[in-house]
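Results of the structural survey
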Amino acid sequence: MTGEQDTVPRAAQTELGGSSAGAAGTQTLLRGLRVLEHVAAGISDVQGIAAALGTPRSTTHRILSSLVAARYLHHMPHRGYLLGPMPIHLGNRALEQRPLVALAQPHCETLSRQTGDTVHLGIVDGSEVVYLVKISGTRGFEMRSRVGQRMPLATTGVGKALMLDMSESRWRSLYDAAAAANARHPERPPIPDWDLFLERMRAYRKRGLVFDLEENEAGIRCAGAPVRDMDKRVVAAVSLASASPFMPETRLEEVAPLVRDAALAVSRELGWME
């Protein structure tokens, strides 16, 4: 057998359940996956990872060593464990294999070229939006967002566009989730009160467009529109964002049709018909 699997040591395969059967191998595999999740969340030391897993330090260290050998983790003295090259490779392959990304990327690039602003494409995951595409603008500043980042649906432009077909009761639960998330991050702008949020969402639904008026990040405004599939379901959303000096509310209205057009173009690629 050839390819990348040959680079994974036999000991690592055994520890991660690659050559074992039954419950013990499955449990070890799941623990290895949980380790990757915890390291991705910022837990980098053996003690912290062991506490998060609920496993003895010796067991945790053995799993960590196997993940390092298999290139899923990288160990840096005095810094602890970081994600290694293998998750990056797999993440890139996952993005390449998603038809949505492949179909949407050219339209997002065109929208960014037309406006000079940053364009995002995102999908729903629970109460959050996950960014699948980011095309940086050309105005000399870089937004903090990145591909793979998660943000609350109810405070982002792309997230609110994803919410347009949801019920108002679902809006409320997502609003509450966003308020709770903001409470854990005091650097984020305060979320509007529920009545104002509801009023805006009802108006956005009628237009098929949403705005983010510095609700997610101070000094950043954006317009967003939903992407639909052949069954007319909202499966993604496109947003256009820039710093408030480049995006006064008058310009938001000017670029909104371009955002809608880009979202419609992606929708047509997915089989949606008017």
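Throughout, a residue's number is its position along its own chain's written sequence, starting from 1. pLDDT decides what is reported in this predicted model: residues at 70 or higher carry local features, side-chain atom pairs at 80 or more are listed and counted, and totals for whole chains, interfaces and linings draw on all residues regardless. Values reported for side chains reflect all heavy atoms of the structure, with hydrogen atoms and water molecules removed beforehand.

1. Observations concerning helix 4 (residues 57–69)
Strands are runs of DSSP state E lasting at least two residues, helices are runs of H or I lasting at least four, and both sets are numbered from the N terminus onward. In this scheme, a helix's expected span is set at 1.5 Å multiplied by one less than its residue total. Taking 1.5 Å of rise per residue, the 13 residues of helix 4 would be expected to cover 18 Å, and the 18 Å separating its terminal C-alpha atoms lies within 8% of that figure. Each residue gets one of three labels from its accessible area relative to the maximum for its type: buried under 20%, exposed over 50%, partly exposed in between, using a 1.4 Å probe on protein chains only. If you check which residues of helix 4 are buried, you get Thr59, Thr60, Ile63, Leu64, Ser66 and Leu67. Projected onto a plane normal to the axis of helix 4, the buried residues spread over an arc of 160° and lie on a single side. Arginine 71 lies just past helix 4 and shows a positive phi near 70°. The arc refers to the directions leading from the helix axis to the C-beta atoms.

2. Description of the pattern of salt bridges
Put simply, a salt bridge is a Lys or Arg side-chain nitrogen that is within 4 Å of an Asp or Glu carboxyl oxygen. Applying the stated criterion to the full structure yields 14 salt bridges. Across the pair arginine 205 and glutamate 168 runs a salt bridge, and its minimum N-O distance is 3.8 Å. One end of the pair, arginine 205, is in helix 9 (residues 194–207); the other, glutamate 168, is in helix 8 (residues 168–183), and 37 residues separate them in sequence. On the basis of relative accessibility, which here comes to 30%, the residue glutamate 168 falls in the partly exposed class. The salt bridge involving aspartate 176 is made with arginine 172; its shortest N-O contact spans 3.1 Å.

3. Looking at the environment of proline 248
With respect to the element layout, proline 248 can be found in the loop between strand 8 (234–243) and helix 10 (249–269). Put simply, proline 248 and cysteine 222 are 26 residues apart on the chain and 9.8 Å apart in space, counted from C-alpha to C-alpha.

4. Description of the packing of aromatic side chains
Two rings from Phe, Tyr or Trp (for Trp, the six-membered ring) form a pair when their centres sit within 6.5 Å of each other. Planes less than 30 degrees apart are called stacked, planes more than 60 degrees apart edge-to-face, and all others tilted. In total, this model carries four aromatic pairs according to the counting rule given. Look at tyrosine 204 and phenylalanine 211: their rings are 6.2 Å apart centre to centre, the planes differ by 80°, and that puts the pair in the edge-to-face class. Phenylalanine 211 matches tyrosine 204 in its accessibility class, with the two residues each being buried. Counting every residue linked through ring pairs, the aromatic cluster contains Tyr175, Trp194 and Phe197.

5. Considering empty space enclosed by the protein
Which parts of space are left empty comes out when a probe the size of a water molecule is rolled across the atoms. Residues are called lining when one of their atoms sits within 4 Å of a cavity or pocket point, these points coming from a 1 Å grid over the protein atoms alone, where a cavity is a set in which a 1.4 Å probe fits but cannot get out and a pocket is an open set with protein on both sides within 12 Å along at least five of seven lines. Grid points are joined across faces, edges and corners, and a volume is the space filled by probe spheres set on the points. Scanning the model with the defined rule gives one cavity of 30 Å³ or more in all. When its volume is computed, the largest cavity comes out at roughly 40 Å³. Lining the largest cavity, in full, are Gly116, Asp117, Thr118, Gly137, Thr138, Arg139, Gly140, Phe141, Ala241 and Ser242. For this classification, Asp, Glu, Lys and Arg are treated as charged, while Ala, Val, Leu, Ile, Met, Phe, Trp, Tyr, Cys and Pro are nonpolar and the rest, including Gly, are polar. When grouped by side-chain class, the residues that make up the lining of the largest cavity number two nonpolar, six polar and two charged.

6. As for the environment of arginine 79
Among the structural elements, arginine 79 can be located in the loop between strand 1 (73–76) and strand 2 (80–83). As a C-alpha pair, arginine 79 and aspartate 45 span 34 residues in sequence and 7.8 Å in three-dimensional space.

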